[in-house]
Amino acid sequence: MKLNERSVAHYATCDSPADHAGFLRKRVERHHHHAHHYSTSYQRRWFVLKGNLLFYFEERESREPVGLVVLEGCTVELCEAAEEFAFAIRFDDAGARAYVLVADGQATMEAWVKALSRASFDYMRLVVKELEKQLEEACKSLAACCKSPRRSSSSGRKRHLSNPALLPLQEKPSILENGYSTWGSGGCIPGGAACPDHDGGQAKPPPLPPRRRSATGSATGSPAPGLSPAMLESPVSPDTICFSKLHNWYGQEIVALRREWQERQKRGH
Amino acid sequence: MRYNERELLSLARQPAEKAAEIRMSVPKKGSVLKKRLVKLVVNFLFYFRTDEAEPIGALLLEHCRITKEEENVFSISFIEEPERKYCFECASEQQCQEWVEALKRASYEFLRRSLIFYRNEIQKMTGKDPLEQYGISEEARFQLGTHQQ
């Protein structure tokens, strides 16, 4: 079976950060027809874990991997080799060989076992689905908390900046500290302006980043009170491949929700 | 490069996210479109001759670009060799769009970015890190800082 090996090797060696890396000794498997044991010799290799793929190189500086273990569907267990700190990658398939690897200490062995046992695509997908659900529920419960949405037909920005007497935002510091400061950071919003964080009990809200202004501008005149139904849809839908779009989309609603919270707090709820 | 082909073949037999008979060509000189059974399983795209149980080939879908080409057609290429394209001619424009969307989301790297995004959003809304309950909040693969593309 052909594999796009050149691209796979490129993925192994390119800049994208590895999930785990280090030297391990890899048992060399040799069958002897007349003996009932493996001849146990080990080769030291540089291992790099990226996603559900475990690459190994002859040297740390090698430009190409000598091998790859596709980890999907594997189990990782400590094993009773003659060697200390040995663990094995095994597959369901009856005839499949195991990859026996030896770490140089208890801590590195445990770190590898942990990293490898959660390396599958399936696992990642499960966690993403779970978080997707949690985000949806968080949005729903916030919508339920908002008593009088008071969404006027004026632009989001105007509404936000003209909001009088915002209370100091100590009650929900984690949300508000992170609320704007991360908008511009990270690779998800290229060139997005990082808004200044609240500078110690500010009386006016930080300015919206340019991207969001246009997004809320386009949301003017939306008649739906509180959250729009679109908010509750899965963000990972055919229309939202672009993360900057996702950020805008949530950004609009989060701005509105923050304002509702602040007003609730003002009213003493 | 050695790899565990046996496990990859086993993966090709798993239930697919998406499978269809699609005409496909590989980036080789003189290559023509041929009808293949194309099967998406995790971050691999397998392709079979329509009457065979074992795939002819597999494409790892990391660091690839999915491009909508002309009507009914999309292509897959890889970032280090963008001119070498695997072309797929679908039965309809709708099928083409569905495959483009599915393939764009079929990489581990995409999942990782999604996870980091959701984690961040939930944290902003609720003040809590949703990964803490699973005891995985410190894992390298979930960190915002380490995996900026």
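Cut-offs and rules
Residues numbered from 1 in each chain as written. Chains lettered and ligands numbered in written order. Predicted model: local features only at pLDDT ≥ 70, side-chain atom pairs only at ≥ 80, totals over all residues. Heavy atoms only, no water. Contact = heavy atoms within 4.5 Å. Buried area = accessible area lost by both parts, 1.4 Å probe. Salt bridge = Lys/Arg side-chain N within 4 Å of Asp/Glu carboxyl O. pLDDT = per-residue confidence, 0-100. Helix = DSSP H or I, 4+ residues; strand = E, 2+ residues; numbered from the N terminus. Expected span 1.5 Å × (residues − 1). Buried < 20%, exposed > 50% of the residue type's maximum accessible area, 1.4 Å probe, protein only. Pairing = 2+ DSSP bridges. Phe/Tyr/Trp six-rings, centres within 6.5 Å; stacked < 30°, edge-to-face > 60°. Lys NZ or Arg CZ within 6 Å of the ring centre and 35° of its normal.

Time to look at the interface of chain B and chain A. Interfaces are often sized by the accessible area lost when the parts come together. Counting residues at the interface gives 67 residues for chain B and 72 residues for chain A. When chain B packs against chain A, close to 6400 Å² is buried across both sides, 64% of that on carbon and sulfur atoms. Per-residue buried area on chain B facing chain A is highest for Met1(B), Tyr118(B) and Met125(B); these three make up 13% of the total on that side. Taken together, the connections running from chain B to chain A amount to three salt bridges. For Arg112(B), the salt bridge identified is with Asp19(A), shortest N-O distance 2.7 Å.

A few words on the confidence of the model for chain B. Any residue range with low pLDDT should be treated as having predicted coordinates unsuitable for detailed reading. Predicted confidence across chain B gives a mean pLDDT of 91, with 96% of residues reaching 70 or more. Predicted complex, confidence summary: ipTM 0.92, pTM 0.69.

Looking now at helix 3 (residues 121-145) of chain A. Between the first and last C-alpha of helix 3 of chain A there are 36 Å, a value that for 25 residues agrees with the 36 Å anticipated at 1.5 Å per step. Every buried residue of helix 3 of chain A is listed here: Phe121(A), Tyr123(A), Met124(A), Val127(A), Val128(A), Leu131(A), Glu132(A), Gln134(A), Leu135(A), Ala138(A), Cys139(A) and Leu142(A).

A few words now on the sheet that holds strand 7 (residues 73-78) of chain B. With respect to topology, eight strands assemble into an open sheet ordered 1(A)-5(B)-4(B)-3(B)-2(B)-8(B)-7(B)-6(B), the strand pairing being mixed. Taken across any chain shown, the strands that pair with only one partner, and hence form the sheet edges, are strand 1 (2-3) of chain A together with strand 6 (64-68) of chain B.

As a further point, take unusual backbone geometry. Residues and elements named next belong to chain B. Its identity as a non-glycine residue notwithstanding, Val-42 has a phi of 40°, on the positive side. The topology assignment puts Val-42 in the loop between strand 3 (34-41) and strand 4 (44-49). Overall, the relative accessible area of 3% leaves Val-42 in the buried class.

Residue and element names in this part refer to chain B. By the element assignment, Arg-65 lies in strand 6. In the structure, Arg-65 is positioned 17 residues away from Pro-82 in sequence and 8.0 Å away in space, judged by C-alpha atoms. Beyond its immediate sequence surroundings of up to four residues, Arg-65 is in contact with Ser-75, Ile-76 and Ser-77.

What follows covers the packing of aromatic side chains. Overall, the coordinates contain eight aromatic pairs over all chains when judged by the stated rule. Ring geometry for Phe44(B) against Phe46(B): centres 6.0 Å apart, planes inclined by 20°, an arrangement best described as stacked. We note that Phe44(B), like Phe46(B), is buried. Put simply, the rings of Phe47(A), Tyr56(A) and Trp112(A) pair up and form one aromatic cluster. When the ring centre of Tyr11(A) is taken as reference, the NZ or CZ atom of Lys50(A) above it lies at 5.4 Å. For Arg97(A), the ring lying beneath its charged end belongs to Tyr99(A), and the centroid distance is 3.9 Å.

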